[in-house]
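Coordinate inspection notes
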Amino acid sequence: MIDFIVTKYNYLFYIVLFLIGFYAIIVKKNLVKKVIGMNIMQTSIILFYVSIGCKKDGTLPILLDSDLHSHAIDAGKYLNPLPHVLMLTAIVVMVATLGVALAVLILMYKQYGTLEEDELLKRIK
Amino acid sequence: MKFKILSLFFIVITGIILIYGVAGMPDLADPDSPASRHVSPEYIQNTYKDAHTPNMVTTILADYRGYDTLGETTVIFTAGIACILLLKNLKGRKSHD
Amino acid sequence: MIDQAPVLIIVIPLIFALLTPVVGLWRKSLCYFWILTALALSAAFSVTVFVKVLNTGTIHYNLGGWTPPWGIEYVIDHLNALMLVVVSAIALLTAVYSRKSIEKEFPNKKTAFYTVFLLQATGFLGIVITGDMFNLYVFLEISSLAGYALIAIGEDGALFAAFKYIIIGTIGASFYLIGVGYIYIMTGSLNMADIAALLQQVNNTSVIHIAFAFILAGLIIKMALFPMYIWMPDAYTKAPSASSALIAPLMTKISAYILVRVIFTIFKPEFITANLPVTKIMLWLGFAAIIYGAIMSIAQTDFKRMLCFIIVAEIGYIVGGIGLFNPTAIKGAILHILNDAVMTAGLFFIAGIVKYKTGFHNLTDFKDLFKKMPVTMGAFVIIALSVIGVPPTCGFFSKWYLIKGAIIGNAWPFAAALLFSSLVNVVLFFRIFEIGYGFDHGHDSGGHEELGSGSLISEAPATMLLPSMLVSLIIIFTGIYNQTIITNIIEHVTPNL
């Protein structure tokens, strides 16, 4: 058990964060809190991906000067760069979703004067 | 209250499923995991040869997977236009109350 | 030029979308023709690619010239190629159709609307064509973001519906992303074909099972299968007619397409049957969706909302058909993805016309419309007959294959559910025909005489009428030539089970 936690603690933290976000989305009645939960959830996935790229004793995925012209670069020396790239894209997606969600919230607040789910449902009808 | 307990139950189930998945994964920071063995060594070894850029993240972002990056910029563009579409004429709108 | 056709399908609408705001600055009314050009070019290239695939087989296109597991590749096989044609054709027809309804519903937002509209179509096409799992996610998000905005500008209550869609849609996309991450950690690849080969070694690990479960869950949310349909009826009912005619037929069907791709291309059928009770679950979810969708659609008084519940049932057909897991049923399910995209588009065209003419889209608004718009309603009757499943319309044949598959697979409840849903559709549409012909003598008998004089014919505008008529023609033609489609295209993608 301890072994499991020690060797995989990053993945466990991501799950905890993911569940916090998920909880906020499902349970919270305030729409802004739902959006915050959504963001926490997406951030947790980013942490998960970045953890995949981690390597023991690896350095940043930027070639050292000594390796620039060498023909046999030891791949174990550098972190896995691919998950970082994927997450750059995912971060942008996250920001974009947040932007559209907030735009919708602004309009809703203008129109109905509240962002509490119960109140809103009453006012829509 | 009932709803809260029900959703907590649902969330705990999701968590257990996710943790069950984690249990079978290669260890964190394992240099021999498939993720670091299959595709990524080629990126590391060829980055300077292919693109003359020491930063591998840059090479992948702009070269190997440059098309994803085009999609990424399109996502931002979509969000921007979507906000314009939604928020245009906002000042003209009367508040409800 | 022809070698580059696969990428041009995506890049042309993308570049046109980037330039639409510029065109809109210069002259707003040009935007409409601008996006028509883009979608027409895209459709033309889709057809080119489709013909090429029919002649030479699967096309691989490496973006940027990087070899596949390292770069992104487009893989176009028979299924993709056909989907591309269907998606681009529906997008083009919807674009033609959108003109009048946009002018009526929000004339001052034309430029932004058309830009988002084009981006939405680009996202759909990008999802269909790609052979890379992460690239699929990016395009899924482009189409979802555009969809959120297109829905949010609708009538009263659309904002809340769109917000629900944003939250639930993001959960779905996140689940998909987690699944891709789990696959990546076990195989180290993102390319679909590469993953399919590598998965053979790690098929029996718990991580892959969870990965499959999460991708499936994400897609179920995105395609509005029964327990996860809650975001859909509100969103599509409240959306403006032009947006719902684009999103409603395509978003759910494209998610169903991704499901087919995931099950048959990435995880091989052996994995699905060997490790998890997935097919059983899908069969019963499909069953539940059909029954629930049929019952709920009877209860609706709003035409568009009724259509949404019909979609719930139709998604049940597709998922249940895949869940039956025998070649006949899978053929039926794939054919139904295509047919249903066309039929749903047609139905939402009609809903938009009714809204344009009467201002609402309730069932009672159909009153006397059959006299006022005989041509439009003629098209509506053909589409409705296809949804019910009357030969020679295309709806009959996919249903036929599904029922045959259900009988082969001894899934009698599913066959019964299919028949039940057809019966319900008969009730639904004949109720509308009755209202439309004015047989409903219930509340006014005086107006009936006056309308009978025949002087009140006022058809829908040509830009709205033409796409509806084309759709009904397509329905009849695909119905007549269904055997050709099955033997030349769908047989190539049906796995040998």
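Residues numbered from 1 in each chain as written. Chains lettered and ligands numbered in written order. Predicted model: local features only at pLDDT ≥ 70, side-chain atom pairs only at ≥ 80, totals over all residues. Heavy atoms only, no water.

A short note on the overall build of chain B
- Helix and strand counts for chain B stand at 5 helices and 0 strands.
- Walking chain B from its N terminus toward its C terminus, one meets helices and strands in the order α-α-α-α-α.
- Here the C-alpha radius of gyration of chain B, 23 Å, is well above what a compact globule of 97 residues would show, namely 13 Å.
- For chain B, the spread of C-alpha atoms along the three principal axes comes to 65 × 40 × 15 Å.
- Taken over 97 residues, chain B has a buried fraction of 44%.
- Of the roughly 5000 Å² of accessible surface on chain B, a fraction of 65% belongs to carbon and sulfur atoms.
- Each charge class in chain B can be summarised by its mean position, and for the 9 positive and 9 negative side chains these summaries are 21 Å apart. (Helix = DSSP H or I, 4+ residues; strand = E, 2+ residues; numbered from the N terminus. Rg over C-alpha atoms; globule rule 2.2 N^0.38 Å. Buried < 20%, exposed > 50% of the residue type's maximum accessible area, 1.4 Å probe, protein only. Areas by Shrake-Rupley, 256 points an atom, 1.4 Å probe, with all protein chains shown as cover. Lys, Arg positive; Asp, Glu negative; His and termini not counted. Charge placed at Lys NZ, Arg CZ, Asp CG, Glu CD.)

Points about the overall build of chain C
- Each helix and strand counted, chain C has 21 helices and 2 strands in total.
- For 497 residues, the compact-globule estimate of 2.2 N^0.38 gives 23 Å, and chain C sits close to it at 22 Å.
- Each of the three principal axes of chain C carries a C-alpha extent, and together these read 75 × 60 × 45 Å.
- Per-residue burial over chain C gives 68% buried out of 497 residues.
- For chain C, the share of sequence-separated contacts (at least 6 apart) that also reach a separation of at least 24 residues comes to 80%.
- With the model as given, the accessible surface of chain C reaches about 15300 Å², and the carbon-plus-sulfur share is 68%.
- In chain C, 26 positive and 24 negative side-chain charges are present, and the distance between their average locations comes to 3 Å. (Contact = heavy atoms within 4.5 Å.)

Observations regarding helix α21 (residues 482-493) of chain C
- Between its first and last C-alpha, α21(C) extends 16 Å over 12 residues, near the 16 Å set by a 1.5 Å rise per residue.
- Each element contacted by the buried residues of α21(C) is listed here: α2 (30-56), α3 (78-105), α14 (327-358), α17 (394-408) and α20 (462-480) of chain C. (Expected span 1.5 Å × (residues − 1).)

Details of the nonpolar core
- In terms of nonpolar packing, the biggest core is built from 270 residues, with M108(A), Y182(C), Y236(C), F380(C) and F429(C) touching the most fellow members.
- Sorting elements by how many residues they give to this core places helix α6 (residues 158-187) of chain C first, with 20 residues.
- Grouped together as the second largest cluster of nonpolar side chains are 8 residues, L63(A), I73(A), A75(A) and I44(B) included. (Core = buried A, V, L, I, M, F, W, Y, C linked by side-chain atoms within 4.5 Å.)

Some words on the packing of helix α1 (residues 5-26) of chain C against helix α4 (residues 110-129) of chain C
Residues and elements named next belong to chain C.
- Two numbers describe how α1 lies on α4: the axes approach to 9 Å, and their chain directions differ by 170°. On the basis of their axis angle, the class for α1 and α4 is roughly antiparallel. At the point where α1 passes α4, the crossing takes the left-handed sense. The residues of α4 that touch α1, namely those facing P6, I9, I10, P13, L14, F16, A17, T20, P21 and G24, are T111, T115, L118, L119, T122, L125, G126 and I129.
- Tallied by class, the residues present in the contact of α1 with α4 amount to 12 nonpolar, 6 polar and no charged. (Axes fitted to C-alpha atoms, helices over the stretch in contact; angles between N-to-C directions. Parallel < 35°, antiparallel > 145°, perpendicular 65-115°, else oblique. Left-handed = near helix turned anticlockwise from the far one by under 90°. Nonpolar A, V, L, I, M, F, W, Y, C, P; charged D, E, K, R; others polar.)

Topic: the packing of aromatic side chains
Residues and elements named next belong to chain C.
- Throughout the structure, instances matching the rule amount to 45 aromatic pairs over all chains.
- Taken together, a centroid distance of 6.2 Å and an interplanar angle of 10° make the contact between F226 and Y229 stacked.
- A cation sits over an aromatic face here: K104 above Y356, 4.7 Å from the ring centre. (Phe/Tyr/Trp six-rings, centres within 6.5 Å; stacked < 30°, edge-to-face > 60°. Lys NZ or Arg CZ within 6 Å of the ring centre and 35° of its normal.)

So, the confidence of the model for chain C
Residue and element names in this part refer to chain C.
- Taken as a whole, chain C shows an average pLDDT of 90; of its residues, 97% reach a score of 70 or greater.
- The model gives residues 444-454 a pLDDT under 50, and that stretch makes 9 contacts with residues more than four places away or in other chains.
- Interface predicted TM-score (ipTM) for the complex: 0.95; the corresponding pTM is 0.94. (pLDDT = per-residue confidence, 0-100.)

Considering the interface of chain B and chain A
- Counting residues at the interface gives 50 residues for chain B and 53 residues for chain A.
- Roughly 4700 Å² of surface becomes buried between chain B and chain A when both sides are summed, with 79% attributable to carbon and sulfur atoms.
- Linking chain B with chain A are 1 salt bridge, by the criterion used here.
- The tally of links between chain B and chain A comes to 9 residue pairs in polar contact (both at pLDDT 80 or more).
- At the level of elements, α1 (2-23), α2 (34-37), α3 (40-51), α4 (56-64) and α5 (66-87) of chain B are the ones that each hand at least two residues to the side of chain B that touches chain A.
- Taken together, the residues of the side of chain B that touches chain A break down into 31 nonpolar, 10 polar and 9 charged. (Buried area = accessible area lost by both parts, 1.4 Å probe. Salt bridge = Lys/Arg side-chain N within 4 Å of Asp/Glu carboxyl O. Polar contact = N/O pair within 3.5 Å; in protein donor to acceptor, adjacent residues only side chain to side chain.)

Looking at the interface of chain C and chain B
- In this complex, chain C contributes 47 residues to the contact, which on the side of chain B involves 36 residues.
- In total, chain C and chain B occlude about 3800 Å² of area from one another, counting both sides; carbon and sulfur atoms represent 73% of this.
- Across the pair D132(C) and R65(B) runs a salt bridge whose closest N-O atoms are separated by 2.8 Å.
- Viewed at the interface, chain B and chain C are joined by 10 residue pairs in polar contact (both at pLDDT 80 or more).
- Contributions of two or more residues to the side of chain C that touches chain B are made by α1, α4, α5 (133-152), α6, α7 (192-202) and α8 (206-222) of chain C.
- Looking at the side of chain C that touches chain B element by element, the count peaks at 10 residues for α5(C).

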